[in-house]
Amino acid sequence: MYITPTDIDEYCVSHSSSPSQIAKDLQEYTKKNVHGANMLIGEMEASVLRFLISLGDVRSVVEFGTYTGYSALTMAEALPADGKVITIDINKETTTLARTYWDKSPHGRKIHQILKPGIEAIKELTGKYDLVFIDADKNNYSNYLDWAVAHLSDNGMIVVDNTLWSGRVLNSDGEKQTESIIAHNIKAKNLEGHIKTLLPIRDGMFLIKKDRA
Ligand SMILES: C[S@@+](CC[C@H](N)C(=O)[O-])C[C@H]1O[C@@H](n2cnc3c(N)ncnc32)[C@H](O)[C@@H]1O
């Protein structure tokens, strides 16, 4: 579910900076040909991510959930030339498709794929990162949040997608994914030493960063 009415969303997108034509083509191809295209972050959320990247001094991004590579490409486009997106997914088919589009873009070389479950992949990621975008398996959201908090650079930011879960966070349907997102949101809300805002953009974007006050 999109929280914002479609016409309002389209108006906002039409007045915001656009991703590249390659990213638009990738989005269109995914919508027409790939199962689960409703998982794409869409242009409004991509626009917000790009804006956040350009606001902070973001050079390194870790993404949980590559899918067909739309969000990774739009973020890579907003990074400086020495920037890097490490994106993690378990689906070989969709990540192979992603690479075919990234290879058409001058920003594709900034993107590094890890084809492993997120919980396994984080064992390899020992550095500090400027932006962590969580958009993979919902049942591990709290684990990904713990990892992100421990691996965030001082000015870094965590963005967690689908945190409104089509409104089901208000009245849980009892499903495991819903309960996992609710548990994540409570954990995020109670994080000490951090500033947080849960935005009603698309399916809910939870923004978290260290509080420097
Ligand atoms: C919502 S989609 C990501 C969409 C992508 N960020 C975009 O907007 O272009 C979620 C992805 O998480 C992946 N996924 C599911 N379980 C996973 C796991 N345990 N570890 C890593 N990725 C996983 C799925 O294969 C799927 O591609």
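Whatever comes next refers back to the structure up there.
Residues numbered from 1 in each chain as written. Predicted model: local features only at pLDDT ≥ 70, side-chain atom pairs only at ≥ 80, totals over all residues.

Q: Explain the pairing of strand β5 (residues 152-161) to me, and be specific about the residues and the numbers.
A: Across a regular strand the side chains alternate sides, sitting on one face of the sheet and then on the other. β5 sits mainly inside the fold: seven of its ten residues count as buried. Two elements, strand β4 (residues 129-134) and β5, share five bridges in a ladder whose sense is parallel. By the bridge assignment, V132 is partnered in β5 with I158. Between the parallel elements β4 and β5, the chain passes through helix α7 (residues 141-150) in a crossover that is right-handed. (Buried ≥ 20, exposed ≤ 12 C-beta atoms within 10 Å, placed from the backbone. Helix = DSSP H or I, 4+ residues; strand = E, 2+ residues; numbered from the N terminus. Pairing = 2+ DSSP bridges. Right-handed = clockwise from strand over helix to strand, strands pointing away.)

Q: So what's going on with the packing of α7 against helix α8 (residues 176-189)? Which residues, and what values?
A: Contact geometry of α7 with α8 gives a least axis separation of 8 Å together with a crossing angle of 30 degrees. By the angle between their axes, α7 is roughly parallel relative to α8. Contacts between α7 and α8 involve Y141, S142 and L145 from the former and S180, I181, A183, H184, K187 and A188 from the latter. (Axes fitted to C-alpha atoms, helices over the stretch in contact; angles between N-to-C directions. Parallel < 35°, antiparallel > 145°, perpendicular 65-115°, else oblique. Contact = placed C-beta atoms within 7 Å.)

Q: Can you lay out the nonpolar core for me, pointing to particular residues and giving the numbers?
A: Core analysis: the largest hydrophobic core is formed by 54 residues, its most contacted members being M75, L131, V132, I134 and I158. The biggest single contributor to this core is helix α4 (residues 70-78), with six residues. Ignoring any residue separated from it by four or fewer positions in sequence, one finds V132 in contact with V62, A148, L152 and I158. (Core = buried A, V, L, I, M, F, W, Y, C linked by C-beta atoms within 7 Å.)

Q: Tell me what's going on with the site of the ligand, and back it up with residues and numbers.
A: Lining the immediate surroundings of the ligand are 19 residues, of which M39, I41, G65, Y67 and D137 lie closest. Of all the secondary-structure elements, those providing two or more residues to the shell around the ligand are α4 and β2 (84-89). Its residues assigned to classes, the shell around the ligand comprises ten nonpolar, six polar and three charged. (Near = placed C-beta within 6 Å. Nonpolar A, V, L, I, M, F, W, Y, C, P; charged D, E, K, R; others polar.)

Q: Would you mind going over the sheet that holds strand β3 (residues 111-115) in detail, with residue names and values included?
A: If you walk across this open sheet you meet the seven strands as β3-β2-β1-β4-β5-β7-β6, and the pairing is mixed. The open sheet has two edge strands, β3 and β6 (194-199), and neither has a second partner. Between one strand axis and the next, the sheet turns by 15 degrees as a mean value, whatever way the strands run. Here four bridges tie strand β1 (residues 60-64) to β4, and the two strands are oriented parallel to one another. Paired with E63 across the bridge in β4 is F133. Most of the contacts of helix α3 (residues 42-55) go to β5, to which it runs at about 175 degrees, and overall it touches β4, β5 and β7 (205-210). Here helix α5 (residues 92-102) sits on the sheet in contact with β2 and β3, set at roughly 170 degrees to β3.

Q: Let's hear about helix α2 (residues 21-33): which residues, and what values?
A: Across its 13 residues, α2 extends 18 Å between first and last C-alpha, which sits within 8% of the 18 Å expected from 1.5 Å per residue. Taken as a whole, α2 has its buried residues at A23, L26, Q27 and T30. The buried side chains of α2 occupy one side of the element, clustering within an arc of 100 degrees when seen end-on. Of the exposed residues in α2, the ones pointing more than 90 degrees away from its buried face are Q21, D25, E28, K32 and N33. (Expected span 1.5 Å × (residues − 1). Arc of directions from axis to C-beta.)

Don't take any of this as a statement about function, it's just geometry.
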